Amino acid sequence: MSSPTDVVPVARWQEKGGVSKVAGYEHPLYVRLAHWLTAVSLVVMAASGLRIFLAFPSFGSKVPQEDFWNPPPGITLGGWLGGALQWHFTFMWLFAGAALLYIVGQVATGRYRMVLFVPRDIPGVWPMARHYFLRGPKPAVDQPYNALQKLAYTTTVLLGALSLVSGLALYKSAQLPFLVTLLGGYRLVRIWHFLALCGFAAFVPGHLVMVALHGWQNFVAMLTGWKRDPEYLGRKGA
Amino acid sequence: MTQRIVPPPRTRRELLKLTPLVALGAILYEPWRESILDKGLRLSDWASARTFRTAHLAPTYSDADVVPFERFPYNYFDILEPEIDFDAWSLEVSGKVSRPGKYALAQLHALPKVTQNTRHVCVEGWDVIGSFGGARLSDFLDLAGADPSARYVSVMCADNYYESIDLAMARHPQTLLCYEMYGKPLDRGHGAPLRLQIPTTLGYKQAKYLMTLSVVDELGADRSYWGDQGYSWYGGL
């Protein structure tokens, strides 16, 4: 197989004074649009979803009712159940649209190869985790995404798929009963939908901390598409 | 490694390509918010009605899956047992029907009886599998001579609740004018003497204590008690 970096166009040029510059076009427009659409709609879906959950904060029966968890109203959106449903049923289109844009784009351009976590990446996970969390030595970087990043970003795609499928099963349980069956029955669908939210709740803070600590260039790249002097293009040191 | 070497980045231009995202900020502007969310909800309702499978049946369940009657929740918006003169009760039918007028409970009993164990799903998030019996609304619409080109069925209730559904939903084979639960006449809290029972909609669409039914092409200002307050009008599952 060819190198994953094949799909990243590279620019090399000289600035005044003869300084050599290199940059990789990591994020085409569709990736950036999908990323920021997802960021906005995910926050709205999560906060309105919690307000919806507050109307029946349980995964069990109505009679008798045993509350599982009452989300603090301060982190919810919509004010009341009907308002929250309006937000949820409006932004679900954006969330699903962003997912579609991303998946179609990744497959059409072949760029999925540089971020999709595959079995070959498994050995690289622990050294990278040891570096990030235990101050271990930094593994060599020769790809836009390291094994841990691939694992994280592939997981978010799966979480998105889980939220969409479980959400659709809840929304259309009578029209699409096979989806309900696929997810293990009606009561489990609601649990899956909630677990997808928990997954995002675990990912997002970590994502933000990583960007804050290591990733100013990554942040800029998600805005402009271009990452300057990326390690995998031969940046010295780290 | 075969890298594609391209000209130096024009980062500012690339950044500007994201400007359409600024449109999302419109939702933050209070005067526009309600209209945007209303459009989103209408889009969802439109897509739901367009994809509704008229002949597809909602799942039905065995008697063993039905929750005991005592554990079937009573849900109401105002009053659980509204004033109804049961001896004088009849369903008053109007609108685009060839045989308008008052229909007694006996006339509904005379229609083919359907019993079904289906899941009752509340917009709040709880659900319960119950046992329901009644006449198909579709059969009743035939009895009343409903105009097949009419678009909606709208009902008014003894507790001033009101609802409406489109004709596809009304004609669905599992949509009942329900007069029985668990093999017994409806009790007052569950909507005696007659309620809508629609396994393909959320609970709030399934109006209780029915008093009038009309077949119409246009819905007036009163479309749906909860729908008018911000819930989805369609409310389909």
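Residues numbered from 1 in each chain as written. Chains lettered and ligands numbered in written order. Predicted model: local features only at pLDDT ≥ 70, side-chain atom pairs only at ≥ 80, totals over all residues.

## Side note on the sheet that holds strand S3 (residues 101-103) of chain B
Residue and element names in this part refer to chain B.
So, step 1. A sheet is described by the order of its strands in space; here 5 strands give the open sequence S3-S2-S11-S6-S7, paired in mixed fashion. Lying at the two open borders of the sheet, with one neighbouring strand each, are S3 and strand S7 (162-166). Strand-to-strand twist across the sheet, computed as the mean angle between neighbouring axes with direction ignored, equals 25°.
So, step 2. As defined by bridge partners, strand S2 (residues 91-95) adjoins strand S11 (residues 210-216) across 4 bridges and the pair is classed as parallel. (Pairing = 2+ DSSP bridges. Helix = DSSP H or I, 4+ residues; strand = E, 2+ residues; numbered from the N terminus. Axes fitted to C-alpha atoms, helices over the stretch in contact; angles between N-to-C directions.)

## A short note on the sheet that holds strand S1 (residues 10-15) of chain A
So, step 1. With mixed pairing, 4 strands are arranged side by side in an open sheet as S3(A)-S2(A)-S1(A)-S1(B). The open sheet has two free edges, formed respectively by strand S3 (226-228) of chain A together with strand S1 (5-6) of chain B, since each of these has just one partner strand.
So, step 2. By the bridge criterion, 2 bridges tie S1(A) to S1(B) in an arrangement that is parallel. When the bridges of S1(B) are listed, Val10(A) appears paired with Ile5(B).

## Here we look at the packing of helix H3 (residues 122-134) of chain A against helix H4 (residues 147-171) of chain A
All names here are of chain A.
So, step 1. Closest axis-to-axis distance for the H3/H4 pair is 7 Å, and the angle between their directions is 100°. Between H3 and H4, the crossing angle belongs to the class labelled roughly perpendicular. Contact residues: H3 offers Gly-124, Val-125, Met-128, Ala-129 and Tyr-132, while H4 offers Ala-147, Leu-148 and Leu-151.
So, step 2. A class-by-class count of the residues in the contact of H3 with H4 yields 7 nonpolar, 1 polar and no charged. (Parallel < 35°, antiparallel > 145°, perpendicular 65-115°, else oblique. Contact = placed C-beta atoms within 7 Å. Nonpolar A, V, L, I, M, F, W, Y, C, P; charged D, E, K, R; others polar.)

## Quick look at the domain arrangement of chain B
So, step 1. The domain boundaries assigned to chain B delineate domain 1 (11-51) and domain 2 (57-229).
So, step 2. Computed from C-alpha atoms alone, the centre-to-centre distance between domain 1 of chain B and domain 2 of chain B is 36 Å. (Domains from an automatic or database assignment.)

## Overview of the interface of chain B and chain A
So, step 1. Of the residues lining the interface, 45 residues belong to chain B; the matching set on chain A comes to 42 residues.
So, step 2. Here the side of chain B that touches chain A takes 7 residues from helix H2 (residues 30-51) of chain B, the largest share from any one element.
So, step 3. Its residues assigned to classes, the side of chain B that touches chain A shows 25 nonpolar, 12 polar and 8 charged.

## Concerning the pairing of strand S5 (residues 127-136) of chain B
Residue and element names in this part refer to chain B.
So, step 1. The buried count for S5 comes to 7 of 10 residues, which makes it a mostly enclosed element.
So, step 2. Here strand S4 (residues 113-121) folds back onto S5 in antiparallel fashion, the turn holding 5 residues, of which Gly-125 has a positive phi close to 125°.
So, step 3. With 5 bridges joining them, S5 and strand S8 (residues 176-181) adopt antiparallel strand pairing. Within the sheet, the bridge partner assigned to Gly-134 lies in S8 and is Cys-178. (Buried ≥ 20, exposed ≤ 12 C-beta atoms within 10 Å, placed from the backbone.)

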